[in-house]
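Descriptive structure summary
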Amino acid sequence: MANFKVSRVETTPFEGQKPGTSGLRKKVKVFIQPHYLQNFVQATFNALGADRVEGATLVVSGDGRYYSKDAIQIITKMAAANGVRRVWIGQNGLLSTPAVSAVVRERVGADGSKATGAFILTASHNPGGPHEDFGIKYNMENGGPAPEGITNKIYENTTTIKEYLIADGLPDVDISSTGVSSFEGPKGKFDVDVFDSTSDYLKLLKSIFDFPAIQKLLSSPKFSFCYDALHGVAGVHAKRIFVEELGANETSLVNCVPKEDFGGGHPDPNLTYAKELVARMGLSKTHSEPNPPEFGAAADGDGDRNMVLGKRFFVTPSDSVAIIAANAVQAIPYFSGGLKGVARSMPTSAALDIVAKHLNLKFFEVPTGWKFFGNLMDAGMCSICGEESFGTGSDHIREKDGIWAVLAWLSILAYKNKDNLGEGNLVSVEDIVRQHWATYGRHYYTRYDYENVNADGAKDLMAHLVKLQSSIDEVNKLIKGIRSDVSNVVHADEFEYKDPVDGSVSKHQGIRYLFEDGSRLVFRLSGTGSEGATIRLYIEQYEKDSSKIGRDSQEALAPLVEVALKLSKMQEYTSRSAPTVIT
């Protein structure tokens, strides 16, 4: 058993180590500066306090992006020096963000230990590689992201830090093979447990879904399936879950080998970046696929986001969470006793609101950031939730869960087709969505992302939109001058949320313009980029006339798009004539 000592290393603060909605994200070149990662990790330990750190069991893993393996060794040595009792690492350092949450909540070590928190190494859907992004965030004992009270303390600590602790004489741990390594330090024993990345997560998923029913669907010659992990960490789980457990053909899996640079691609599951899946599903504008699969899905880099596609058909994330909620009690055993409530992020379309009203469910509209859902779930107030940014989940964990969302859709398809896998036509993804629209109305919806724009220009644009809200009459005059066929604005505000659980107030969460016909425009600065500013513009047109729910989305949204761009003076403030990404 190797012995180690504790070294105190002098350091000075770095500017800008403020965690965003999902931790600290910067370019790799920033993170590899001497002391940079160490400062943030020590600031986190200091924010948690000795009572939460000494004797703790911490999970340290991530999406496998470039610099992850080095970071795991650094954090492990710092954990040892700060009195942590044991560190759990997924094999090869790989654990999807939802799997980390599952491990924190569900895994029991051989010695009966339970995890008390986690460092997740990910920049989510941002590109990876030596010249791209790296990220780190801390999750609490409930498996969810640290609340603002903790992240604010972390940031404060980064501005005053003078030293960090690291184990001297602790060797690098082999994370490529499972097993426990034990060491001895000034405060006693320290263990590093490298474990199988999928087992605990799979066990939880099998307790939620009817795997035999999904297996029956996937084994039907009438049904075809495609899953694209975009070379992210979800690929580690995909083979085990979809192929080995559910019997899908291995050829159904695309880009399921995790890579440090995500194969040079952008691991964001949307119609712009998931090009190979989009083409295979018959939705490419340049390539015509003669016989697309019945169902397709994609994941992002850390496996918490999802995109769901039918044959030549895209399901918006806003519709996806609404449809899952509408069908969950019948199709998913975990929810057979009923839903406690549902929630969506503010920019997400109001499709879920309509379902909640029809089904008499508790409903919550929260700021962007999964921690707000976590509070509701911990209080037993919410079962299913979602964000328009391709994140969907439930109270089985405290993170969004891309594979859970795919299994939820497969469960709905299995339920709808339980009597016609032999004879008759399959009920398709498109059939399910169109039936939903016929019942609840359709929320035509799109998001325009303006990435890496000048930060000052972005702030000026938002200030302009807030100023406009002082007179709704003036806003409506401007709108009628742009498009006379657009409904009147009846309410405009800067979204503010008071948490019903802990009473905390989150201000400046986005600018809303709400229209008389149920349509909305939302403008928001995103905190997920690593440099510059990202403006997100959300455009939503509600249509309850069943004769008008089959229109082309771009055509239906065109009037509101024109109003949004001219009202905000988007080009004037950003110098951009078009968005970076449209979803």
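Values in this document were obtained by computation on a predicted structure and should not be read as measured data. (Residues numbered from 1 in each chain as written. Predicted model: local features only at pLDDT ≥ 70, side-chain atom pairs only at ≥ 80, totals over all residues. Heavy atoms only, no water.)

1. Thoughts on the overall build of the protein
For the record, the criterion: Secondary structure elements are defined from DSSP: runs of H or I of at least 4 residues count as helices, runs of E of at least 2 residues count as strands, and each element is numbered from the N terminus. For every residue, the accessible area obtained with a 1.4 Å probe (protein chains only) is divided by the maximum for its type, and the residue is called buried under 20%, exposed over 50%, and partly exposed between those limits. The contact criterion used is simple: two residues touch if any of their non-hydrogen atoms lie within 4.5 Å.
Helix and strand counts for the protein stand at 19 helices and 27 strands. Counting only C-alpha atoms and orienting by the principal axes, one finds that the protein spans roughly 75 × 60 × 45 Å. With 583 residues in all, the protein has 60% of them scored as buried. Put simply, of all contacts in the protein between residues at least 6 apart along the chain, 73% involve residues at least 24 apart.

2. Re the nonpolar core
Stated precisely, the cut-off is as follows: Take the buried Ala, Val, Leu, Ile, Met, Phe, Trp, Tyr and Cys residues and link them wherever side-chain atoms come within 4.5 Å; each set so joined is a nonpolar core.
If you look at the biggest cluster of nonpolar residues, it comprises 80 residues, and the most contacted ones within it are Tyr227, Phe242, Phe295 and Leu410. Element by element, the count of residues in this core is highest for helix α14 (residues 402-416), at eleven residues. Among all residues touching Phe295, those that are not within four sequence positions of it are Phe223, Ser224, Phe225, Cys226, Met281, Val308, Leu309, Val406, Trp409, Leu410, Leu413 and Val429. Judged by nonpolar contacts, the second largest core, of 45 residues, contains Ala71, Tyr164, Ile175 and Val192.

3. Quick word on helix α4 (residues 68-81)
Operational definition: By definition here, a helix of n residues has an expected span of 1.5 Å times n minus one.
Helix length check: α4, at 14 residues, gives a terminal C-alpha distance of 20 Å against a target of 20 Å (1.5 Å per residue), a fit within 8%. Of all 14 residues in α4, twelve are buried; the element is thus mostly enclosed. Listed in full, the buried residues belonging to α4 are Ser68, Ala71, Ile72, Gln73, Ile74, Ile75, Thr76, Lys77, Met78, Ala79, Ala80 and Ala81. Residue Gly83 follows α4 closely and has a positive phi angle near 90°.

4. Quick look at the sheet that holds strand β9 (residues 179-185)
The line we're drawing: Two strands pair under a simple rule: DSSP has to find at least two bridges between them. Every angle, taken between N-to-C directions, lies between 0 and 180 degrees, and every axis is a line fitted to C-alpha atoms, over only the stretch in contact when it is a helix.
Read from one edge to the other, the open sheet built from eight strands follows the order β1-β9-β10-β5-β4-β6-β7-β3, with strand pairing classed as mixed. Each edge of the open sheet is held by one strand with a lone partner, namely β1 (2-3) and β3 (24-27). The strands that helix α2 (residues 36-48) touches are β3, β4 (57-62), β6 (117-121) and β7 (133-139); relative to β7, the one it contacts most, it runs at about 10°. Packed onto the sheet, α4 meets β4, β5 (86-90), β6, β7 and β10 (188-195) and runs at close to 155° relative to β6.

5. Focus: the environment of Phe211
Of note, Phe211 is situated in helix α8 (residues 211-219). Classification of Phe211 by relative accessible area gives buried; the value is 6%. Separated by 145 residues in the primary sequence, Phe211 and Tyr66 have C-alpha atoms spaced 35 Å apart.

6. Quick look at the packing of helix α7 (residues 199-208) against helix α9 (residues 234-245)
To keep things clear, this is the line we draw: Geometric relationships in this document are graded by angle, where less than 35 degrees denotes roughly parallel, more than 145 denotes roughly antiparallel, 65 to 115 denotes roughly perpendicular, and other angles denote oblique. Each helix crossing is assigned a hand: it is left-handed if the near helix lies turned anticlockwise from the far helix by less than a right angle, otherwise right-handed if that turn is clockwise.
α9 packs onto α7 with a crossing angle of 45° between their chain directions and a minimal axis gap of 10 Å. What the angle tells us is that α7 and α9 run oblique. In this structure, α7 meets α9 at a crossing whose hand is right-handed. Contact with α7, carried on its side by Ser199, Tyr201, Leu202, Leu205 and Lys206, involves His237, Arg240, Ile241 and Glu245 of α9 and no other residues of that element.

7. Structural notes on the pattern of salt bridges
The condition is simple: Any Lys or Arg side-chain nitrogen found within 4 Å of a carboxyl oxygen on Asp or Glu counts as a salt bridge.
Using the criterion set out here, one finds 35 salt bridges in the structure. Put simply, Asp449 and Arg447 hold a salt bridge, and the shortest N to O gap is 2.7 Å. The exposure class of Asp449 is buried, given its relative accessible area of 3%. Asp485 is the salt-bridge partner of Arg483, the closest N and O atoms lying 2.9 Å from each other. For Arg483, a relative accessible area of 23% gives the class partly exposed. Linked through salt bridges whose partners overlap, the residues forming this network are Arg344, Asp353, Glu365, Asp493, Arg512, Arg520 and Glu540.

8. As for unusual backbone geometry
At His231, a position not held by glycine, the phi torsion is positive, near 60°. By secondary structure assignment, the location of His231 is in the loop between β11 (225-228) and α9. Although it is not a glycine, Ser575 sits at a positive phi angle of roughly 60°. Counting through the fold element by element, Ser575 comes out in the loop between α19 (570-574) and β27 (581-582).

9. What about the UniProt feature "domain: Alpha-D-phosphohexomutase alpha/beta/alpha" (unreviewed entry) in the protein?
For clarity, the cut-off: UniProt positions are given in the numbering used here, feature names are shortened, and annotations may be inferred rather than shown by experiment.
With numbering matched to this structure, UniProt assigns "domain: Alpha-D-phosphohexomutase alpha/beta/alpha" (unreviewed entry) to residues 17-164, 200-309 and 318-419. A helix fraction of 38% and a strand fraction of 20% characterise residues 17-164, whose end C-alpha atoms lie 15 Å from each other. Its end C-alpha atoms 28 Å apart, residues 200-309 is made of 33% helix and 14% strand.

10. Considering the packing of aromatic side chains
This is how the line gets drawn: In summary, the pairing rule links any two rings of Phe, Tyr or Trp, Trp by its six-membered ring, whose centres are within 6.5 Å, and it sorts them by plane angle into stacked for under 30 degrees, edge-to-face for over 60 and tilted for everything else. Comment: the charge-over-ring label is applied if NZ (Lys) or CZ (Arg) is within 6 Å of the ring centre and within 35 degrees of the ring normal.
The tally for this structure, following the rule as stated, stands at 18 aromatic pairs. On the basis of an interplanar angle of 80° and a centroid distance of 5.3 Å, the ring pair of Phe31 and Tyr36 is categorised as edge-to-face. Residue Phe31 shares its accessibility class with Tyr36, and that shared class is buried. Each ring, one from Tyr227 and one from Phe242, has its centre 5.0 Å from the other, and the planes form 50°; the classification is tilted. Within this pair, whereas Tyr227 is found in strand β11, its partner Phe242 is found in helix α9, the two being separated by 15 residues in sequence. An aromatic cluster is defined as three or more aromatic residues linked by ring pairs; in this entry it consists of Phe14, Phe31, Tyr36, Tyr67 and Phe134. One residue, Lys418, lies across the ring of Tyr415, its end atom 4.1 Å from the ring centre. The residue whose ring lies beneath Arg442 is Trp437, and the NZ or CZ to ring-centre distance is 3.8 Å.

11. Here's the deal with the sheet that holds strand β13 (residues 295-299)
Reading across the sheet, the five strands line up as β12-β11-β13-β14-β15 and stay open at both edges, with mixed pairing between neighbours. In this open sheet, the two strands that pair with only one neighbour each are β12 (253-254) and β15 (313-315). Here β13 runs beside strand β14 (residues 306-310); their pairing, made up of five bridges, is antiparallel. If you follow Ala298 over to β14, its bridge partner there is Met307. Along the sheet, α14 makes contact with β11, β13, β14 and β15, crossing β13 at roughly 170°.

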